[in-house]
Amino acid sequence: MMTGNLDLASGFLAAAGKDAALASDAAQVDAAIHEVLAGTPDDALAVETARLLAELAKDESRRYGFKAPVMQALGAIYLRDSLAPADRHQVHRAMCNLCAEHEDMRDALLELEDVLSAVAKNIDADFASAEDEGFTFAMSGIALLVNFAIEYPAGQKKLVDMQIVPRLLKKLRKSNPLATVFLHLITVIAQHEEGRDALVSERGIDQLVDLLQSSATTEDEHLLYIIETLEVASEDNAIVQKRLHARKVLNTVLRLMEDFVNAEINSDDDDNTAAIDSCLRIVVNLTHDDEVVAALVADKEVLGKFHGWMTYPDEILSSKAAELVVCAALCLGNIARSDANSTALVQDHSFAKDLMHILGVVSNAKVHLASLSALRHFAMPAANKALLGQLSVTEAVMPYMLSPVADVALTATVINRLLSSEERNMRAIVTSNHNTLHKTALAVALECYAKHSDQAAIKCEVGRLVGSLIKGAVNFQADDCLEAIREQAMHPLWQLLHLPYEVVYNEAVVALMLVLGKSANAAAVEVPDSFASAAAKLLAPSNAIEFRLNAVQLILVIQSQHPEWAGRFTAARDEAVLSTMSTEGVKLDQLELYKKLLAQIA
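Predicted model, so just to flag it, every value in this text is computed and none were measured.

### Concerning the overall build of the protein chain
And then number 1: In terms of helices and strands, the protein chain carries 40 helices and zero strands.
And then number 2: Its C-alpha atoms give the protein chain a radius of gyration of 33 Å, clearly above 25 Å, the size a compact globule of 602 residues would have.
And then number 3: Along the first, second and third principal axes, the C-alpha atoms of the protein chain reach 95 × 55 × 50 Å.
And then number 4: The proportion of buried residues among the 602 residues of the protein chain is 53%.
And then number 5: Looking at the protein chain alone, contacts between residues at least 24 apart form 72% of all its contacts between residues at least 6 apart.
And then number 6: For the protein chain, the computed accessible surface area is about 25600 Å², with 50% contributed by carbon and sulfur atoms.

### Observations regarding the packing of helix α4 (residues 43-56) against helix α7 (residues 85-99)
And then number 1: Two elements in contact, α4 and α7, have axes whose closest approach is 8 Å; the angle formed by their N-to-C orientations is 35°. Handedness of the crossing formed by α4 with α7: left-handed. Of α7, the residues touching α4 (which contributes Val47, Ala50, Arg51, Leu53, Ala54 and Glu55) are Asp87, Gln90, Val91, Arg93, Ala94, Asn97 and Leu98.
And then number 2: Taken together, the residues of the contact of α4 with α7 sort by class into seven nonpolar, two polar and four charged.

### A look at the environment of Cys331
And then number 1: Tracing the chain through its elements places Cys331 in helix α23 (residues 322-335).
And then number 2: According to the relative accessible area criterion, Cys331 is buried, its value standing at 0%.
And then number 3: Put simply, Cys331 and Ala370 are 39 residues apart on the chain and 9.3 Å apart in space, counted from C-alpha to C-alpha.
And then number 4: Setting aside residues no more than four positions away along its own chain, Cys331 makes contact with Val283, Thr287 and Phe306.

### Points about the nonpolar core
And then number 1: By size, the foremost hydrophobic cluster in this structure holds 215 residues, and its most contacted members are Phe306, Phe378, Ile470 and Phe531.
And then number 2: For this core, the element with the most residues is α23, which contributes ten residues.
And then number 3: Here Phe378 is in contact with Leu332, Ala336, Ser342, Leu345, Val346, Phe351, Ala352, Leu355, Asn384 and Leu388, once residues within four sequence places are set aside.

### Observations regarding the packing of helix α21 (residues 300-309) against α23
And then number 1: Running from N to C, α21 and α23 point in directions that differ by 135°, and their axes come no closer than 9 Å. With respect to α23, the element α21 is oriented oblique. Like other packed secondary-structure pairs, α21 and α23 cross with a definite hand, here left-handed. In contact with Leu303, Phe306 and Trp309 of α21, α23 contributes Leu324, Val325, Cys327, Ala328, Cys331, Leu332 and Ile335.

### Thoughts on the packing of aromatic side chains
And then number 1: The full count for this structure, using the stated rule, is seven aromatic pairs.
And then number 2: When the ring of Phe148 is compared with that of Tyr152, the centres are 5.8 Å apart and the planes differ by 70°; the resulting orientation is edge-to-face. Both residues of the pair, Phe148 and Tyr152, count as buried.
And then number 3: Considering the side-chain rings of Trp565 and Phe569, the 5.4 Å spacing of their centres and the 20° angle between planes classify their relative orientation as stacked.
And then number 4: Given the relative accessible area of 1%, Phe569 is considered buried.
And then number 5: Ring pairs connect the aromatic residues Trp494, Phe531, Trp565 and Phe569, which therefore count as one cluster.
And then number 6: The ring of Trp565 has Arg568 lying over it, and the distance from NZ or CZ to the ring centre is 4.1 Å.

### As for a negative patch on the surface
And then number 1: Together, Asp59, Glu60, Glu101 and Glu151 line one region of the surface with negative charge.
And then number 2: Examined against the element boundaries, Asp59 turns out to sit in the loop between α4 and α5 (60-63).
And then number 3: Classification of Asp59 by relative accessible area gives partly exposed; the value is 37%.

### Structural notes on the pattern of salt bridges
And then number 1: Scanning all chains against the criterion turns up 31 salt bridges.
And then number 2: Put simply, Lys157 and Asp161 hold a salt bridge, and the shortest N to O gap is 2.9 Å. With Lys157 and Asp161 both in helix α11 (residues 153-161) and four residues apart, the pair spans about one turn of that helix.
And then number 3: Put simply, Lys366 and Glu323 hold a salt bridge, and the shortest N to O gap is 3.1 Å. Here Glu323 lies in helix α23 and Lys366 lies in helix α26 (residues 365-378), a separation of 43 residues in the sequence.
And then number 4: One connected set of salt bridges, linked through shared partners, spans Arg203, Asp206, Asp210, Arg243 and Arg247.

### Comments concerning helix α32 (residues 441-451)
And then number 1: Buried within α32 are the following residues: Ala441, Leu442, Val444, Ala445, Cys448 and Tyr449. Projected down its long axis, α32 shows its buried positions confined to an angular sector of 160°, all on one face.
And then number 2: Of the surrounding elements, those touching the buried residues of α32 are α29 (398-401), α30 (406-419), α31 (423-431), α33 (456-475), α34 (479-488) and α35 (490-495).

### Considering the side chain of Asn341
And then number 1: Tracing the sequence through the fold places Asn341 in helix α24 (residues 339-347).
And then number 2: Not counting chain neighbours up to four residues away, the residues in contact with Asn341 comprise Val293, Val297, Ile335 and Ala336.

### Observations concerning the side chain of Asn384
And then number 1: By the element assignment, Asn384 lies in helix α27 (residues 382-390).
And then number 2: When near neighbours in sequence (up to four residues on either side) are disregarded, Asn384 contacts Ser342, Thr343, Val346, Gln347 and Phe378.

### Regarding the environment of Ala478
And then number 1: Relative to the helices and strands, Ala478 resides in the loop between α33 and α34.
And then number 2: Residues within four places of Ala478 in sequence aside, it is in contact with Met426, Arg427 and Ala473.

### Quick notes on the environment of Leu159
And then number 1: As for its placement among the helices and strands, Leu159 is situated in helix α11.
And then number 2: Given the relative accessible area of 0%, Leu159 is considered buried.
And then number 3: Separated by 171 residues in the primary sequence, Leu159 and Leu330 have C-alpha atoms spaced 35 Å apart.
And then number 4: With residues up to four places along the chain from it excluded, the contact list for Leu159 reads Leu145, Phe148, Ala149, Ile164, Leu185 and Ile189.

### Some words on unusual backbone geometry
And then number 1: The phi dihedral of Glu101 is positive, around 50°, even though this residue is not glycine.
And then number 2: The residue His438 is not glycine, and still its phi comes out positive at about 55°.
And then number 3: With respect to the element layout, His438 can be found in the loop between α31 and α32.
And then number 4: Judged by relative accessible area, His438 falls into the exposed class, the value being 60%.

About the thresholds
Here the residue numbers are simple positions, counted from 1 along each chain's written sequence. Local features in a predicted model are, by the rule used here, given only for residues with pLDDT of at least 70; side-chain atom pairs are given and counted only at 80 or more, and totals for whole chains, interfaces and linings are based on all residues. The basis for every side-chain value is the complete set of heavy atoms in the structure, and neither hydrogens nor water enter the calculation. Helix numbering and strand numbering both begin at the N terminus, where a helix is a DSSP run of H or I of at least 4 residues and a strand a DSSP run of E of at least 2. Each radius of gyration is computed over the set of C-alpha atoms, and the globule rule expresses the reference value as 2.2 Å times the number of residues to the power 0.38. Throughout, exposure labels follow a simple rule: accessible area from a 1.4 Å probe, protein chains only, divided by the maximum for the residue type, with under 20% read as buried, over 50% as exposed, and the rest as partly exposed. Should any heavy atoms of two residues lie within 4.5 Å, those residues are considered in contact. Note that accessible areas follow from Shrake-Rupley with a 1.4 Å probe, and for residues the cover is restricted to the protein chains shown. Axes here mean lines fitted to C-alpha atoms, for a helix over just the part in contact, with angles spanning 0 to 180 degrees between N-to-C directions. Helix crossings are classified by the rotation of the near helix relative to the far one: an anticlockwise turn of less than a right angle makes the crossing left-handed, while a clockwise turn makes it right-handed. All residues other than Ala, Val, Leu, Ile, Met, Phe, Trp, Tyr, Cys, Pro, Asp, Glu, Lys and Arg, Gly among them, are scored as polar; the first ten of these are nonpolar and the last four charged. Within this scheme, the nonpolar core is defined by two criteria: the residues are buried Ala, Val, Leu, Ile, Met, Phe, Trp, Tyr or Cys, and they are joined through side-chain atoms within 4.5 Å. Each angle receives one of four descriptions, namely roughly parallel if under 35 degrees, roughly antiparallel if over 145, roughly perpendicular if within 65 to 115, and oblique otherwise. Stacked, edge-to-face and tilted labels apply to pairs of Phe, Tyr and Trp rings (six-membered ring for Trp) whose centres lie within 6.5 Å, assigned for plane angles under 30 degrees, over 60, and everything in between, in that order. Note on criteria: charge over ring means Lys NZ or Arg CZ within 6 Å of the ring centre, with the direction from the centre no more than 35 degrees off the ring normal. Residues enter a patch when their relative accessible area is above 30% and they make no salt bridge; the linking distance is 9 Å between like charges and 5 Å between nonpolar side chains (Val, Leu, Ile, Met, Phe, Trp, Tyr). Each reported salt bridge corresponds to a side-chain nitrogen of Lys or Arg within 4 Å of a carboxyl oxygen of Asp or Glu. In summary, the charge assignment counts Lys and Arg as positive and Asp and Glu as negative, without counting His or the chain termini. Charged groups are reduced to one reference atom each: NZ for lysine, CZ for arginine, CG for aspartic acid, CD for glutamic acid. What the arc describes is the spread of directions from the helix axis to the C-beta atoms.

As structure tokens, this is what we get:
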């Protein structure tokens, strides 16, 4: 419309500023902006165009209409010596808004090193208050760096290389009115691994901890930014985790988290969700470190706080105190990663009882998952299984196997599988009816299997639970339980051989051999047609020889119990025989036995 005519374009923009109808014509306005910036506008026109562009770029649909040449033109304008800080502020705003979730603009600014260096000089400015001259200009400059680097690794790396971290730390103090935006920028840079390394090498972690511990109340305006920075810095970084533990940050963060929750309990107007989430992640990050965990298992103050949180009034546990319970449960699960710690938490500190109480009174899926995850860790050591059975954990988790939330149903099923290796628990799962569900845990597991038939992980765990129950019934000579399993639950076990988890195939093979070999009614076990295709997979040479030996014995058991299957394994047998020509990594005595067993397949 006005290509090559700077005066015409600038005149149109001036008119659009006074005429709403003209201003609403996005195509005309955007074209005029491009035209002005492609030329050499004087300072007044350049600044006015930048101001207009800053407003337009707030709209995502308009923002993406501008491309790299616009950023390059703004960069050239920004470097003009003739511009006053107030004018450069408008250019800051335009570049800042254009960078919001706009990677093309970030890529363009990344190449403008002189511009980035000039913008970064705002970090070094000194202000006594937000009323000082130049403060607004400096604030918009730091905001530009934030928008440039947030969720943009190349930008974060660039700021690290520009030594922005030590410059920020040098000026970071609560009396600096730029402190909150400095902390925000540090958080963004710390999303990059090299940014976290820079924080550590410049002793920034200690500086942040000092600021955290001097924040006496949850009303401190800097607190959220400090917590968010420590959250990002401590993620997957053992050095930071150990340093935070040495500075007793865990205790501080737990206190703050409790204060934030109590503030919400006491006032419906308070919303501390972001701060509580960041506190939670710091605590969970710290409990990923083995050295920290080793100290925590004996920390009476921390464990006592977890006990206290789980005994809040029931109505609060389901609402505003839910995040405290999630925090405690996730930490307990992390601490319980070792058998010794898990045993101590269950037998010395009675946390299983606390979690059972929580499951009984809280109607919150997030709390359910965290509590069940902790119980899953508690159920792993052999020393805990009988006690957890006495506490009726197998019955308590049954309703959660029917949860519509797949992760909740999965975790509850895993708990019963882990506990099923103990005799009392095995019998309870197979034969005891739940007080309100009026069915056994085995029946509930089968219902869970059907309900989540699209979830391979749940189908796998139900199949593994059936296999574990069969092994337990045989080991404990519980013929009644074995028959109940045979009658009700063979389908998930057979299907285990068709799921994408080869590591558990041997569990299924062994359990199938047991039920076919030990059940008084083995002949009544129906072998699904799908097993014919599974046989070749089980005998594949990529499987360990020990597994293949079990697989060929299962085939022979099926062949003996079900003569009608004769001839259906010959193709798998012939292919397996060919694979025995290779002896690499196989003991000769095992290979000879394997050959003999293969020869018996009809």
